[in-house]
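# Results of the structural survey
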Amino acid sequence: VWQTDGTEAGTRKEISFSSAGLFVEDLLFVPDAVGGSTMYITVLDSFRNETRLMRYNLVTDTGTVLRSHTTIKLEAGYGGRLLYTASDTEYGNELWYSDGNPASTAIWMDINPGPAGSEPSGFYVDGTQVLFSAFAPDSGRELWRIDSHSELPGLIDIAPGPADSRPSAVAFAA
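From a predicted model like this one, the values you see are computed outputs, not experimental measurements.

On to the environment of Leu95, then. One can find Leu95 in strand β9 (residues 92–98). Taking the C-alpha atoms as reference points, Leu95 and Ala134, separated by 39 residues in sequence, lie 9.3 Å from one another. Excluding residues that lie within four positions of it along the chain, Leu95 makes contacts with Leu83, Tyr84, Ile107, Trp108, Met109, Pro120, Phe123, Phe132, Ile146 and Pro153.

Here it is as structure tokens:
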């Protein structure tokens, strides 16, 4: 991973893995409550066939493994937490979160229980809430919302019943 200010002199390598078979796949900075941010990265280990979620400290050049999954996609920052989707054999592809500590990195909600997963996607954050789409057998692919008033994501069933509304590009109207 490289950092640059747009000039040749201001370009430098920030993260390098010396082990063969390790590849940085994704990174995301998540703002915190005091004006700083936490850097999260995903690292593919091609020998173990797993992807690791890590919190990375650029100052000390150290990383902390938070959790490993088959696949991981960093989605958004919300309320000082990282929201990410991950696949594994127990839950399938579902919504997870982390506050940067291994003990509190966990599945947010198993929307489609079992190994099939809900395939959450299309995340949109407006500061006070997050919208995304996900699949559940009883509702189909529908809009879901996380806000500061609820502990778990809530279903917004646009096409009631198992029919899909297939929400895609999501935005908040002012």
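Bringing the sheet that holds strand β4 (residues 37–45) into the picture now. Ordered by their spatial adjacency, four strands build an open sheet running β3-β4-β5-β6, and the pairing between neighbours is antiparallel. Two strands close off the open sheet at either side, each with one partner strand: β3 (22–31) and β6 (62–69). The sheet shows a mean angle of 25 degrees between the axes of neighbouring strands, taken without regard to direction.

Okay, the pattern of salt bridges next. Following the criterion strictly, the structure yields four salt bridges and no others. The partner of Arg52 in a salt bridge is Asp45, and the shortest N-O contact between them spans 2.5 Å. Both residues of the pair, Arg52 and Asp45, count as buried. Notably, a salt bridge pairs Arg145 with Asp147, separated by 3.7 Å at the nearest N-O pair. For Arg145, a relative accessible area of 34% corresponds to the partly exposed category. The class for Asp147 is buried, based on a relative accessible area of 18%. Ionic contacts of the salt-bridge type, sharing partners, join the residues Asp45, Glu50 and Arg52 into one network.

Criteria and thresholds
- Residues numbered from 1 in each chain as written.
- Predicted model: local features only at pLDDT ≥ 70, side-chain atom pairs only at ≥ 80, totals over all residues.
- Heavy atoms only, no water.
- Helix = DSSP H or I, 4+ residues; strand = E, 2+ residues; numbered from the N terminus.
- Contact = heavy atoms within 4.5 Å.
- Pairing = 2+ DSSP bridges.
- Axes fitted to C-alpha atoms, helices over the stretch in contact; angles between N-to-C directions.
- Salt bridge = Lys/Arg side-chain N within 4 Å of Asp/Glu carboxyl O.
- Buried < 20%, exposed > 50% of the residue type's maximum accessible area, 1.4 Å probe, protein only.

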